[in-house]
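# Residue-level structural notes
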Amino acid sequence: MDTTGTRIVLGTILLFLLCLPYFSTTEFIYRPVELFSINCGSSGNLSTLDGRNWTGDMKFLSESHDSVAATAITPSTQQGPYTSARLSRSQFTYSFPVTTGPKFLRLFFYSTSYQNFDRPKAYFSVKAGSYTLLKNFNASLNADADDDPGHRDTLFREYCINVLEDGERLNITFIPSTTDSYAFINGIEIVSMPPYLYYTNSNIDSDELPQLVGGATYLIKSNSALETKYRLRGGEADIPPSGDTGMLRTWEADGKYVTSQSVLSSDFQNRTKLSFTKTPNYTAPDKLYRSLRDMGRNASTNMGFNLTWRMPVDSGFFYLLRLHFCQLNPLVNQTGDLIFYIFIQDQLVEDMADVLSWSNKQRGVPVVREIGPTGISTTHVNTDVKGSIGYLDPEYYKRHRLTEKSDVYSFAVVLLEVLSGREPLLRWEDKQRMSLVNWAKRCYEKGTLREIVDPELKGQIAPQCLRKFGEVLLSCLLEDGNQRPSMHDDTGRGDSATNHWLKKSTKGQRLATLLLVLTFLGLQIGRGVIGLS
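Residues numbered from 1 in each chain as written. Predicted model: local features only at pLDDT ≥ 70, side-chain atom pairs only at ≥ 80, totals over all residues. Heavy atoms only, no water.

## Details of the confidence of the model for the protein
What counts is decided by this rule: For every residue, the predictor reports its confidence as pLDDT, a number between 0 and 100. Contact definition: two residues touch when any of their heavy atoms are within 4.5 Å.
Per-residue pLDDT for the protein has a mean of 78; in total, 77% of the residues score no lower than 70. Contacts from residues 10-27, a stretch scored under 50 in pLDDT, to residues over four places away or in other chains number 102 contacts. Counting interchain partners and residues more than four positions distant, the pLDDT-below-50 stretch residues 489-503 has 24 contacts.

## Here's the deal with the sheet that holds strand 11 (residues 131-138)
The following threshold applies: Here the rule is simple: two strands pair whenever DSSP picks up at least two bridges between them. Secondary structure elements follow DSSP: runs of H or I of four or more residues count as helices, runs of E of two or more count as strands, with numbering from the N terminus. Every angle, taken between N-to-C directions, lies between 0 and 180 degrees, and every axis is a line fitted to C-alpha atoms, over only the stretch in contact when it is a helix.
A sheet is described by the order of its strands in space; here five strands give the open sequence 5-8-13-10-11, paired in antiparallel fashion. Because the sheet does not close on itself, it has two edges, and the strands there are strand 5 (61-63) and strand 11. The mean inter-strand angle of the sheet, taken between neighbouring strand axes irrespective of direction, is 20°. Note that strand 10 (residues 123-128) and strand 11 share five bridges and pair antiparallel. Looking at the pairing, F124 lines up with F137 of strand 11.

## Structural notes on the nonpolar core
Here is the rule we go by: Residues belong to a common nonpolar core when they are buried Ala, Val, Leu, Ile, Met, Phe, Trp, Tyr or Cys residues joined through side-chain atoms within 4.5 Å. Note on classification: 1.4 Å probe, protein chains only; a residue is buried when its accessible area is under 20% of the maximum for its type, exposed when over 50%, partly exposed between these limits.
Residues Y94, F96, I172, F174, F184 and I188 are the most contacted members of the largest nonpolar core, which totals 46 residues. No other element matches strand 9 (residues 101-110), which puts five residues into this core. Counting residues in hydrophobic clusters, the runner-up holds 27 residues, among them L449, V453, A462 and L473.

## Let's talk about the packing of helix 6 (residues 404-420) against helix 7 (residues 436-446)
As a reminder of what qualifies: Each angle is binned into one of four classes, with values under 35 degrees roughly parallel, values over 145 roughly antiparallel, values of 65 to 115 roughly perpendicular, and all other values oblique. Gly counts as polar in this scheme, as do all residues outside two lists: the nonpolar Ala, Val, Leu, Ile, Met, Phe, Trp, Tyr, Cys and Pro, and the charged Asp, Glu, Lys and Arg.
At a minimum axis separation of 10 Å, helix 6 and helix 7 run at an interaxial angle of 75°. Viewed along their axes, helix 6 and helix 7 adopt a mutual orientation that is roughly perpendicular. The segment helix 6 lies against helix 7, with Y409, V413, L416, E417 and S420 engaging L436, V437 and A440. Of the residues assigned to the contact of helix 6 with helix 7, the class counts are six nonpolar, one polar and one charged.

## Digging into helix 6
Along an α-helix, residues three or four apart share an orientation, since each turn contains 3.6 residues. The line we're drawing: Residue count minus one, scaled by 1.5 Å, sets the expected span of a helix.
An ideal rise of 1.5 Å per residue puts 24 Å on 17 residues; helix 6 measures up with 25 Å between its terminal C-alpha atoms. Of all 17 residues in helix 6, 15 are buried; the element is thus mostly enclosed. Of the residues one or two after helix 6, G421 is the one with positive phi, at around 70°.

## Remarks on the pairing of strand 12 (residues 154-163)
For strand 12, the tally of buried residues reaches nine of 10 residues, placing the bulk of the element in the interior. Note: strand 9 against strand 12, 10 bridges, orientation antiparallel. Note that in strand 12 the partner of R106 across the bridge is E158. Both strand 12 and strand 16 (residues 225-233) contribute to a ladder of three bridges, which runs antiparallel. Residue pairing in the sheet places C160 in a bridge with L226 of strand 16.

## A few points about the sheet that holds strand 6 (residues 68-71)
Read from one edge to the other, the open sheet built from three strands follows the order 6-7-14, with strand pairing classed as antiparallel. The open sheet has two edge strands, strand 6 and strand 14 (183-185), and neither has a second partner. In this sheet, adjacent strand axes meet at a mean angle of 30° when their direction is disregarded.

## Quick word on the environment of R322
Cut-off, in case you're wondering: Under the rule applied, a polar contact is a pair of N or O atoms within 3.5 Å (in protein, one hydrogen donor and one hydrogen acceptor; residues adjacent in sequence only if both atoms are side-chain atoms).
Among the secondary structure elements, R322 is positioned in strand 20 (residues 318-325). Remark: the alpha-carbon pair of R322 and G372, spanning 50 residues in sequence, is separated by 8.6 Å. A polar contact is formed between the side chain of R322 and the backbone oxygen of L197, at a distance of 2.9 Å. Separated by 2.7 Å, the side chains of R322 and E370 make a polar contact.

## Let's talk about the pairing of strand 7 (residues 84-88)
For strand 7, the tally of buried residues reaches five of five residues, placing the bulk of the element in the interior. One ladder, built from four bridges, connects strand 6 with strand 7; its direction is antiparallel. Counted as the bridge partner of A69 is R86 from strand 7.

## As for the packing of helix 6 against helix 8 (residues 463-476)
In a packed pair of helices, the relevant descriptors are the angle between the two axes and the axis-to-axis distance. Condition: If you view the pair so one helix is near and one far, a crossing is left-handed when the near helix is turned anticlockwise from the far one by less than a right angle, and right-handed when it is turned clockwise.
Where helix 6 meets helix 8, the axes come as close as 8 Å, and the angle between the chain directions of the two elements is 145°. Crossing of helix 6 over helix 8 shows left-handed handedness. Across from V408, Y409, A412, L415, L416 and L419 in helix 6, the residues of helix 8 making contact are L466, F469, L473 and C476. Residues of the contact of helix 6 with helix 8, tallied by class, amount to 10 nonpolar, no polar and no charged.

Structural data, given as structure tokens:
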């Protein structure tokens, strides 16, 4: 797509919980430095119900050659810049004075016949600066392939590009592909955006970078160009450009992309004012975060299916996904009340996702998770570790890297399994007890760790030893691996509690415990991480 950077296709989808900020169509949160809405082929102005004011194109034409302005033989029924077009069998260029920084570039096409220009012969490329946005684009074939009856024969393309030099003009060039073809355009829109809305701020912490499917991080560099494929909201109606935060984006209702059963909820009666402490308030409109699509409230039914969106994409490109969440459900009061997994292309990208944990345990705090880029045509994610969900260090999903501290985490999960007599993850359990680690953490914080002890072991562990045992285990399960003890430290601190437990347990229990621990140690020795002395 561009000659200087990587092509990435941008998709924005709304999973489970979504939101918008407080504003009317007349008081935008973000006011763009540049806003050009050009009605190509027209000399007059046009206002449309979506909040746009379109102007004629003549003063922006820098290279027109034999281009002509013409009206459609068959008028479009769609509102917008579809009455007239700029057409030519030779190259023509628009030039716009812009400042440095990222911009939305939107192209509007009405694929029909114009006087002396037959519909099937529209076949051309489009360049913006050094970026090739469309190459040998056949407008009629693309329009015929579009199955949306609400936008018959109209095509829309949106890109993000970065103007890197001050005083530079943004040139948009339309180039016919053959001597027998022509290029055309009905509308052009350029809207500036905040500098780090989609592009990566190199000064932020690595935990805030987009996550590759597989765990590593990725930078959206300033010399990359992005194309928007989908921008969806969990709701029954679109959010029009006039309802956006000032950048004239459309948020499409997600209904036709949902392939599983679901429940659509909305509004929450506007009882909670949103607090944009985790993401800027211009990121998405308030209304977005106040509607959601979820699986309903029957926990046992929920375990029988997944909530799935399916969106057609082209193979051979990288796709960045932004997932918007905002916990507003009055029934969700603490971390662990609502936990789920996120898979993209059958790859796990979020293990035990908990919106309240992302939002500092606060309701009404919008958060954004970025995942990408993921290559659809090839499986480029190389996962060297095969582990069961529940045992693997959560940091592995973030950084795709195992350390000695990852072994500490997994070792602690095994010991919890021994203590409780259950597996780390039971999907059919009550949501408070589904994850053994989260259940143990909650019980330890409340001073009720005895609740997780296997009934067969109750009464055989002194309370002070259980507290010490819990202290050691919970230190091994800290989210930040750097704060966990080393394997050496862990063994030393746990000796007294473990030894007391083993002395008080039966022979069979001691053997079972040792078997589990030694089996785990044997696996670690095989990987060459730790050894026995």
